[in-house]
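Residue-level listing of the chains:
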Amino acid sequence: MKPGVWSRLAEYWVSDEFKKYYATGKKARQVVKLPHTSGARSFDRRRRDYMESHDGKLDELVVYKDCQTLKENERKGEWITEDAKLIIVEETYMYKNASTHISLLC
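As the structure is a prediction and not an experimental result, all values here were calculated from the model. Residue positions are counted from 1 within each chain, in the order its sequence is given. At least 70 in pLDDT is required for a residue's local features to be given in this predicted model, at least 80 for side-chain atom pairs to be given and counted, and no such filter applies to totals for whole chains, interfaces and linings, which use all residues. Heavy atoms from the whole structure form the basis of all side-chain values; hydrogens and water molecules are not counted.

Student: Help me out: how do you make sense of the overall build of the protein chain in this one?
Tutor: Across its full length, the protein chain holds 5 helices and 0 strands. Starting at the N terminus, helices and strands are each numbered in turn, a helix being any DSSP run of H or I of at least four residues and a strand any DSSP run of E of at least two. Counting helices and strands in the order they occur from the N terminus, the protein chain gives α-α-α-α-α. Whether two residues are in contact is decided by their heavy atoms: any pair within 4.5 Å suffices. Counted over contacts in the protein chain with a minimum sequence separation of 6, partners at least 24 positions apart contribute 40%.

If you want it as structure tokens, here you go:
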């Protein structure tokens, strides 16, 4: 780290500007209904990573589950919220019904 960078960061972190920015972010995070477990990677990045490792094929449900389940500790694989779980259950149900309806039409 270049000299002086740390001290400027420390000064910024105690400034009123940063405190206002931090408070706004904290409020925004409290109202998020579907937090994700992707860290800094965007959903689009997760999709591209999946496709690269699966010969260009995409399974949105697998990517969604990867972004909405816990990654470590004794709760690994558990849904981050019940709402996240309900969404995938509904999507899976709709997908299966759509497949059934399409096969009935053919």
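Student: Before we go on, may I ask you to explain the pattern of salt bridges in this structure?
Tutor: It is possible for side chains of opposite charge to pair when their charged atoms get near one another. The salt bridge definition used is simple: a Lys or Arg side-chain nitrogen within 4 Å of an Asp or Glu carboxyl oxygen. All told, the structure shown has 8 salt bridges when counted by the stated rule. As a salt-bridge pair, Lys71 and Asp66 come within 3.9 Å of each other at their nearest N and O atoms. We note a salt bridge from Arg75 to Glu78, for which the minimum N-O separation is 3.0 Å. A single salt-bridge network, built from bridges that share partners, covers Arg41, Arg45, Asp49 and Glu52.

Student: Could you clarify how one ought to interpret the side chain of Thr69 in this entry?
Tutor: As for its position among the elements, Thr69 is in the loop between helix 4 (60–68) and helix 5 (82–105). Whenever two N or O atoms come within 3.5 Å, that pair is a polar contact, provided that in protein one can donate a hydrogen and the other can accept it, and provided that, for residues adjacent in sequence, both atoms are side-chain atoms. Among the polar contacts listed, one links the side chain of Thr69 to the backbone oxygen of Lys65, at a separation of 2.8 Å.

Student: Hey, could you run me through the confidence of the model for the protein chain in this one?
Tutor: Interpretation of this model should avoid reading the predicted coordinates in detail wherever pLDDT is low. Summarising the model, the protein chain shows a mean pLDDT of 82, and 89% of its residues fall at 70 or more. Each residue carries a pLDDT value, the predictor's own confidence for that position, ranging from 0 to 100. Confidence, read as mean pLDDT per element, is least for helix 5 in the protein chain (68) and greatest for helix 1 (residues 5–13) (93). Predicted confidence is poor over residues 100–106, with pLDDT under 50, and the contacts of this stretch with residues over four places away or in other chains come to 0 contacts.

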